[in-house]
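Spelled out, the chains give:
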Amino acid sequence: LVRGDDGAAICTFRLRVPRRFKDAGGSMREDVCEINVEVRGHTAETVATYLRKGRGVLVHGRLVQESKPSDAYHVSGDAVKFLFDVRPAPAVRAK
C-alpha cells in the first residue's frame, strides 16, 4: 500500500489465473496467466488489509494498456470481491 501525490491509497497485486487443458497428446497441462491489478482509495486499503497469497478474489475493472507501443496491460480495478471469510490476515514479518 502506497499513497499517491493526492494522498489516496494505491494497492497493486498480481492475479494468477490458471487454465487446465488437454494437449494434442491427451495429457493434462496447465497454463497460468498473470495479471497486474491496481486499486485505489478505500478498496486499496481493504485489499491491503485482507488479501494474502492464495486467497481467491473477483476483480471488476477495466483493461489498461501500460504505454504505447506495448503489449503490456494491467487491470484498473473498481471493485474487489473476496472469495473467502474476511478476517484480518496475520501480519507478514519482513525477514
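Here, every reference points to the structure presented above.
A.B. asks: Sorry, what's going on with the environment of Asp85 here?
C.D. replies: Among the structural elements, Asp85 can be located in the segment after strand E5 (73-82). Judged by its relative accessible area of 48%, Asp85 falls in the partly exposed class.

A.B. asks: Any chance you could explain the packing of aromatic side chains here in plain terms?
C.D. replies: Any two aromatic rings considered together are summarised by their centre-to-centre distance and by the angle between their planes. One pass over the full model with this rule turns up two aromatic pairs. Centre to centre, the rings of Tyr50 and Phe82 are 6.1 Å apart; their planes meet at 65 degrees, and the pair counts as edge-to-face. In this pair, Tyr50 sits in helix H1 (residues 41-50) while Phe82 sits in strand E5, placing the two residues 32 residues apart along the sequence. Using a relative accessible area of 16% as the deciding quantity, one classes Phe82 as buried. An aromatic cluster of three or more residues is present, and its members are Tyr50, Phe82 and Phe84. Over the face of the ring belonging to Phe21 we find Arg19, whose NZ or CZ atom lies 4.3 Å from the ring centre.

A.B. asks: It is not clear to me how the layout of surface pockets should be interpreted in this structure. Could you clarify?
C.D. replies: The method is simple in principle: a probe with the dimensions of a water molecule rolls over the atoms, and the space it marks as empty is what remains. Taken as a whole, the largest pocket encloses approximately 390 Å³ of empty space. Together, 14 residues line the largest pocket, and Arg14, Arg16, Lys53, Gly54 and Arg55 are the ones closest to its centre. Among the secondary structure elements, those contributing two or more residues to the lining of the largest pocket are strand E2 (9-22) and strand E3 (28-40). For the lining of the largest pocket, the element with the highest residue contribution is E2, accounting for five residues. Split into classes, the residues belonging to the lining of the largest pocket amount to six nonpolar, two polar and six charged.

A.B. asks: How should I be thinking about the nonpolar core in this particular structure?
C.D. replies: The nonpolar side chains of a soluble globular protein tend to be buried, and buried together. Membership of the largest hydrophobic core comes to 13 residues, with the highest contact counts inside it found for Phe13, Val39, Val47, Leu51, Val57, Val80 and Phe82. Secondary structure elements with two or more residues in this core: E2, E3, H1 and E5. Once you skip the residues sitting within four places of it in the chain, Val80 turns out to touch Val39, Thr43, Val47, Val57, Leu58 and Val59.

A.B. asks: I tried to follow the pairing of E5 on my own but got confused; where do I start?
C.D. replies: Two faces belong to every sheet, and in a regular strand the side chains alternate between them. As paired elements, E3 and E5 share two bridges and run parallel to each other. Paired with Val37 across the strands is Val75, a residue of E5.

A.B. asks: Hey, could you run me through the pattern of salt bridges in this one?
C.D. replies: For side chains of opposite charge, pairing can occur when their charged atoms come near one another. Summed over the entire model, instances satisfying the criterion amount to six salt bridges. For Glu34, the salt bridge is made with Arg16, and the minimal N-O distance between the two is 2.4 Å. Of this pair, Glu34 sits in strand E3 while Arg16 is found in strand E2, placing the two residues 18 residues apart along the sequence. The exposure class of Arg16 is exposed, given its relative accessible area of 51%. The closest approach of N and O atoms between Asp78 and Arg62, which form a salt bridge, is 3.8 Å. Note that Asp78 is positioned in strand E5 and Arg62 in strand E4 (residues 57-65), a separation of 16 residues in sequence. You can call Arg62 partly exposed: its relative accessible area is 48%.

How each quantity is defined
Residues numbered from 1 in each chain as written. Predicted model: local features only at pLDDT ≥ 70, side-chain atom pairs only at ≥ 80, totals over all residues. Heavy atoms only, no water. Helix = DSSP H or I, 4+ residues; strand = E, 2+ residues; numbered from the N terminus. Buried < 20%, exposed > 50% of the residue type's maximum accessible area, 1.4 Å probe, protein only. Phe/Tyr/Trp six-rings, centres within 6.5 Å; stacked < 30°, edge-to-face > 60°. Lys NZ or Arg CZ within 6 Å of the ring centre and 35° of its normal. 1 Å grid on protein atoms, 1.4 Å probe; cavity = no way out; pocket = protein on both sides within 12 Å on 5 of 7 lines; lining within 4 Å. Points joined across faces, edges and corners; volume = space filled by probe spheres on them. Nonpolar A, V, L, I, M, F, W, Y, C, P; charged D, E, K, R; others polar. Core = buried A, V, L, I, M, F, W, Y, C linked by side-chain atoms within 4.5 Å. Contact = heavy atoms within 4.5 Å. Pairing = 2+ DSSP bridges. Salt bridge = Lys/Arg side-chain N within 4 Å of Asp/Glu carboxyl O.

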